[in-house]
Amino acid sequence: SRTDQERLLRGTSTLYVGNLSFYTTEEQLYELFGRAGDVKRIVMGLDKFRKTPCGFCFVEYFSRDDSEMCMRYINGTRLDDRIVRTDWDAGFIEGRQYGRG
Amino acid sequence: KRRRTDAVEIEDRLESLILRVGEKSNLEGLASVLEADINNYKGKILKILSDCAVKMPEKTTIYTTLVGLLNAKNYNFGGEFVDMMAKKLKEALKACMWKTARYVLRFFSDLVNCHICKLRSDMWQEKHIARPYVAFDSILCEALQHNIPPLTLPPHHADNTYPFPWVVFRLFDYTDCPEGPVLPGAHSIERYLIEEHLHNIVKEYHLERKQCAAFLLDFPLKHKIPLEYMIVEVVLAELFHLPGPRYIEICYGSLLIELCKLQPATMPQVLAQAVELLFDRIDTMNVCCFDRFVNWFGYHLSNFQFKWSWDDWLESSQLDPMHPRAKLSYRQRIAEVVPEQFDCFVPPKPEPVYKYANADASDLPGADTAHRLESVVRSKGTSVEVLQALGELPNPLRENDETDPPYNPVQIQVFVQAILHLGAKSFSHAFAGISKFLKVFESIVGNNEEAQILVLREMHEVWDHHQQMMVMLVDKFLRTQIVSCASVANWIFSKEMMPEFTKNYIWEIIHATIRKMNKHVGRLQKEVTDARERRTGNDSDDSSSEDEEQRPRPSEEEIERMEEKLEAAQADQKNLFLIIFQRFIMILSEHLVRCDTDGRDFNTHWYRWTIGRLHQIFMMHNTQVERYSQTLSTLLFTQDLDLHILDAFNQFVALRS
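Residues numbered from 1 in each chain as written. Chains lettered and ligands numbered in written order. Predicted model: local features only at pLDDT ≥ 70, side-chain atom pairs only at ≥ 80, totals over all residues. Heavy atoms only, no water.

1. A short note on the overall build of chain A
Okay, so step 1: A count of helical and extended segments in chain A gives three helices and seven strands.
Okay, so step 2: Traced from its N-terminal end to its C-terminal end, chain A shows the element sequence α-β-α-β-β-α-β-β-β-β.
Okay, so step 3: Taken over C-alpha atoms, the radius of gyration comes to 13 Å for chain A, in line with the 13 Å a tight globule of 101 residues would show.
Okay, so step 4: Relative to its 101 residues, chain A shows a buried fraction of 49%.
Okay, so step 5: Of the contacts formed within chain A by residues at least 6 apart in sequence, a portion of 68% connects residues at least 24 apart.
Okay, so step 6: Summed over its atoms, the accessible surface of chain A is roughly 5,200 Å², and 49% of this surface lies on carbon and sulfur atoms. (Helix = DSSP H or I, 4+ residues; strand = E, 2+ residues; numbered from the N terminus. Rg over C-alpha atoms; globule rule 2.2 N^0.38 Å. Buried < 20%, exposed > 50% of the residue type's maximum accessible area, 1.4 Å probe, protein only. Contact = heavy atoms within 4.5 Å. Areas by Shrake-Rupley, 256 points an atom, 1.4 Å probe, with all protein chains shown as cover.)

This is the structure in structure tokens:
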């Protein structure tokens, strides 16, 4: 329900990151997002059919505080010449990495 | 009842009037309003004014003027205010609130300017600060002055904490800012006061980088000073502050980006000028600051298309190969952007080296098993099947049939090489491989330190050309407890790693390892404290969140078990620091002795770098090292040590003495 969703978003340490270049690598993502805190994992968004990066990813931090740092200082700055957008995400679930092909 | 609410309303109104008073407000009007209320609300007015004095230091002169005007109207009120501030100072000193004490003291000196009290030498002479009281001089100088009550400093107490020694960071002098208003001199009070005001703006708005940049650039005195220079200096001062910056490094990085975006005509140039100055000083820069400089600069450039006047730095490509180098990620991009004279700085392509891949590798012991392992893993084999394949490898450590060697080095070589080779496509692939076969690691590596070091050595062999991969893999190995922190430290200081010693990634690994250890200890510490509090029932204040309410009280045995875990972790932490410091002492002593016998100058790049890294460990982890400082001074940093090495320890001790 909606309140459940809101509660999840308040406690989550996972971020959805959009507007990435298709050519941005995991290396670059860890390098940038690691500056806000300890990254637990990064899940690349993949094209459903070709299984290639398609411009988004999920970044999960070990702590909520670190993900807040990311929202504060990385959201709206550049990665690979593109302005990245970060947003709270209720948590990555297997399957969600596949975007529309 | 009615009268009570009226009183509250009036108090609120007074408070809001006093808080909002500004440079352009009608100070005389406000003074008259307050004077009318002094009889009924004296306590409240005194409290609000004295709070404003320490909470809003940037408005000091406004409040001193206001107090001055009140004093001219009501001498007793002025006296009570002076007494109250004196009491505040005493309390601040007693509570180790140094900053508050400093603000009270500054307020006093400005009260002198407003003819409220007397000091031996009168009047600050500087030109930058707004001085509303000048306009009221005729009123103020009529007023009677108070004597400041004698101030006795509270005696030192063992629990007192004092601020660390503090370096005043200055990058520019007036010759660096040729156009526009003159930069106040390095020792002038106005330079200090403006800087402090800018620092306070950073503090106030650091959570909102855009607002923070806007407020900095809208500084009230912007027409009287070269503002961009002072802002850059203040932001870099925070970034390079020792032992650590006030906020996370990227806070300053993103703030500088916003500043450049808001003021594109001037800010980037000033920042470039700062970078040039810093670049020229790299040789003598504190290693902590060097790291932060390098990290920030790479980040900053990545936000501005890596545009830089690279040609100005060409001479650095002629430097000693041992010279510390700047790290820039995005190898491919950098290779395209920088002039070709920099090719020597561009790292080799980050490709893995799998030692069983070549045709001539078939002679290597274990090559067949490695290839079999590859097909087992590719066909989604389990840990059991992998262990089966590894089981056939004879152990070269076996000397007779009676004793089992603690581990089989060939098994480790084959397995680590194969698993990293198969997971070479990305971090995710590598991590997935490691996670899937944790059981195999457990079984062939276990708790044996030599075996763990061998894992790291094989990893280094495969990924020698990909430093970030190594940093990430060590992190993964530590988190999955395949290797211990102590093993990582011993590996870093091992002979094979000596050629790598001056490279930045090595230090990234060491600090990340120490940090992980510290966090682990910190977490267990917190668990014990929390459990203790819950046991004694101190959790009655219901501020804790709703999902915590149902936790049962821990039993005494549970707490004891937690404490045992904590003690074990602290023992590990102490051991880690002992290993690191001992290894530092060994390699540094060896170098100093060898230079002495060969009659060479010991002060080489390698030496400066290594001793700098030792200083850095003390600096960055000073809170944790402090706990073991006694042990360190009796076991390692003894008086017979070379003074150059001992000095690093003495400086660390001096932080708190």
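Next comes the rest of the write-up.
2. Description of the packing of aromatic side chains
Okay, so step 1: One pass over the full model with this rule turns up 36 aromatic pairs over all chains.
Okay, so step 2: Where B:F415 meets B:F441, the ring centres are 4.8 Å apart and the plane angle is 70°; that geometry is what we call edge-to-face. Here B:F441 lies in helix α18 (residues 438–444) and B:F415 lies in helix α16 (residues 409–422), a separation of 26 residues in the sequence.
Okay, so step 3: The ring of A:Y98 has A:K51 lying over it, and the distance from NZ or CZ to the ring centre is 5.0 Å.
Okay, so step 4: The ring of A:W88 carries A:R64 above its face, with NZ or CZ at 3.8 Å from the centroid. (Phe/Tyr/Trp six-rings, centres within 6.5 Å; stacked < 30°, edge-to-face > 60°. Lys NZ or Arg CZ within 6 Å of the ring centre and 35° of its normal.)

3. Some words on the pairing of strand β1 (residues 14–18) of chain A
Residue and element names in this part refer to chain A.
Okay, so step 1: By the criterion of burial, β1 is predominantly enclosed, with four of the five residues buried.
Okay, so step 2: Examined bridge by bridge, β1 and strand β3 (residues 53–61) share four bridges and lie antiparallel to one another. When the sheet's bridge partners are listed, Y16 is paired in β3 with F58.
Okay, so step 3: As paired elements, β1 and strand β6 (residues 85–89) share five bridges and run antiparallel to each other. Counterpart to V17 in the pairing with β6 is T86. (Pairing = 2+ DSSP bridges.)

4. Section: helix α21 (residues 485–492) of chain B
Residue and element names in this part refer to chain B.
Okay, so step 1: Most of α21 sits inside the fold, with eight of its eight residues counted as buried.
Okay, so step 2: Residues of α21 that are buried: C485, A486, S487, V488, A489, N490, W491 and I492.
Okay, so step 3: Tucked into the core, α21 has its buried residues touching α19 (449–463), α20 (467–479), α22 (504–535) and α23 (556–598).

5. Some details on the environment of B:F77
Residue and element names in this part refer to chain B.
Okay, so step 1: Looking at the secondary structure, you find F77 in helix α4 (residues 75–94).
Okay, so step 2: Among the residues examined, F77 registers a relative accessible area of 1% and is labelled buried.
Okay, so step 3: Here F77 is in contact with I38, K42, I45, L46, L49 and L70, once residues within four sequence places are set aside.

6. What about the environment of B:N113?
Okay, so step 1: Among the structural elements, B:N113 can be located in helix α5 (residues 98–113).
Okay, so step 2: Along the chain, B:N113 and B:Q388 lie 275 residues apart, while their C-alpha atoms are 87 Å from each other.

7. Regarding the pairing of strand β2 (residues 39–47) of chain A
Residues and elements named next belong to chain A.
Okay, so step 1: Among the nine residues that make up β2, seven are buried, leaving the element largely enclosed by the rest of the structure.
Okay, so step 2: Bridge analysis of β2 against β3 gives six bridges, and the strand direction is antiparallel. Directly across from V43, in β3, lies its bridge partner F58.
Okay, so step 3: Between β2 and β3, which pair antiparallel and follow one another directly, the connecting turn spans five residues, one of which, K51, has a positive phi of 60°.
Okay, so step 4: Judged from the two bridges that link them, β2 and strand β7 (residues 98–99) form a sheet pairing that is parallel.

8. Section: the confidence of the model for chain B
Residue and element names in this part refer to chain B.
Okay, so step 1: Residues at a pLDDT of 70 or more form 91% of chain B, whose mean pLDDT is 88.
Okay, so step 2: Across residues 320–328 the pLDDT falls below 50, and counting only partners more than four positions away or on other chains, this stretch makes 22 contacts in the model.
Okay, so step 3: Across the predicted assembly, pTM comes out at 0.86 and ipTM at 0.94. (pLDDT = per-residue confidence, 0-100.)

9. Some remarks on the pattern of salt bridges
Okay, so step 1: Evaluated as defined, the whole model comprises 39 salt bridges over all chains.
Okay, so step 2: The partner of B:K519 in a salt bridge is A:D38, with the nearest N and O atoms 2.7 Å apart. Of this pair, B:K519 sits in helix α22 while A:D38 sits in the loop between α2 (26–33) and β2, each in a different chain.
Okay, so step 3: For B:D530, the salt bridge goes to B:K526, with nearest N and O atoms at 3.1 Å. Taken as a pair, B:D530 and B:K526 lie in helix α22 at a separation of four residues, close to a single helical turn.
Okay, so step 4: One connected set of salt bridges, linked through shared partners, spans A:D38, B:D475, B:R479, B:K516 and B:K519. (Salt bridge = Lys/Arg side-chain N within 4 Å of Asp/Glu carboxyl O.)

10. Digging into the sheet that holds β6(A)
Residue and element names in this part refer to chain A.
Okay, so step 1: With respect to topology, five strands assemble into an open sheet ordered β6-β1-β3-β2-β7, the strand pairing being mixed. Because the sheet does not close on itself, it has two edges, and the strands there are β6 and β7.
Okay, so step 2: α2 rests against β1, β2, β3 and β6 of the sheet, and its axis sits at about 140° to β2. (Axes fitted to C-alpha atoms, helices over the stretch in contact; angles between N-to-C directions.)

11. Here's the deal with unusual backbone geometry
All names here are of chain B.
Okay, so step 1: The residue after L242, namely P243, is reached through a cis peptide bond having omega 0°.
Okay, so step 2: Considering the arrangement of structural elements, one finds P243 in the loop between α9 (227–239) and α10 (249–262).
Okay, so step 3: Even without a glycine there, the phi angle at C96 is positive, about 60°.
Okay, so step 4: With respect to the element layout, C96 can be found in the loop between α4 and α5.
Okay, so step 5: On the basis of relative accessibility, which here comes to 17%, the residue C96 falls in the buried class.

12. Quick look at the interface of chain A and chain B
Okay, so step 1: Taken residue by residue, the interface counts 21 residues in chain A and 27 residues in chain B.
Okay, so step 2: Approximately 2,300 Å² of surface area, both sides summed, lies buried where chain A meets chain B, with 47% of it carried by carbon and sulfur atoms.
Okay, so step 3: The tally of links from chain A across to chain B stands at two salt bridges.
Okay, so step 4: Of the charged contacts, one joins A:D38 and B:R479 as a salt bridge, the two residues approaching to 3.9 Å between their closest N and O atoms.
Okay, so step 5: Applying the counting criterion to the chain A and chain B interface returns 11 residue pairs in polar contact (both at pLDDT 80 or more).
Okay, so step 6: Breaking the side of chain A that touches chain B down by element, the ones donating at least two residues are α2, α3 (64–73) and β4 (78–79) of chain A.
Okay, so step 7: A total of six residues in the side of chain A that touches chain B trace back to one element, the largest contributor, which is α2(A).
Okay, so step 8: Looking at the side of chain A that touches chain B residue by residue, the classes come out as nine nonpolar, four polar and eight charged. (Buried area = accessible area lost by both parts, 1.4 Å probe. Polar contact = N/O pair within 3.5 Å; in protein donor to acceptor, adjacent residues only side chain to side chain. Nonpolar A, V, L, I, M, F, W, Y, C, P; charged D, E, K, R; others polar.)

13. Some thoughts on the packing of α22(B) against α23(B)
All names here are of chain B.
Okay, so step 1: Where α22 contacts α23, the axes come no closer than 9 Å and their chain directions differ by 160°. Of the possible angle classes, the one that applies to α22 and α23 is roughly antiparallel. Seen along the crossing, α22 lies across α23 with a hand that is left-handed.
Okay, so step 2: Split into classes, the residues belonging to the contact of α22 with α23 amount to 16 nonpolar, six polar and seven charged. (Parallel < 35°, antiparallel > 145°, perpendicular 65-115°, else oblique. Left-handed = near helix turned anticlockwise from the far one by under 90°.)

14. Points about a negative patch on the surface
Okay, so step 1: A surface patch of negative charge is lined by B:E557, B:E558, B:E560, B:E564 and B:E567.
Okay, so step 2: Within the secondary structure layout, B:E567 lies in helix α23. (Patch = residues over 30% accessible without salt bridge, like charges linked within 9 Å, V, L, I, M, F, W, Y side chains within 5 Å. Lys, Arg positive; Asp, Glu negative; His and termini not counted. Charge placed at Lys NZ, Arg CZ, Asp CG, Glu CD.)

15. Remarks on the side chain of B:D110
Residues and elements named next belong to chain B.
Okay, so step 1: Note on placement: D110 falls in helix α5.
Okay, so step 2: Side chain to side chain, D110 and Y133 meet in a polar contact 3.3 Å long.
Okay, so step 3: Non-local contacts of D110, meaning those with residues more than four positions away in its chain, are made with T60, T61, T64, R131 and Y133.

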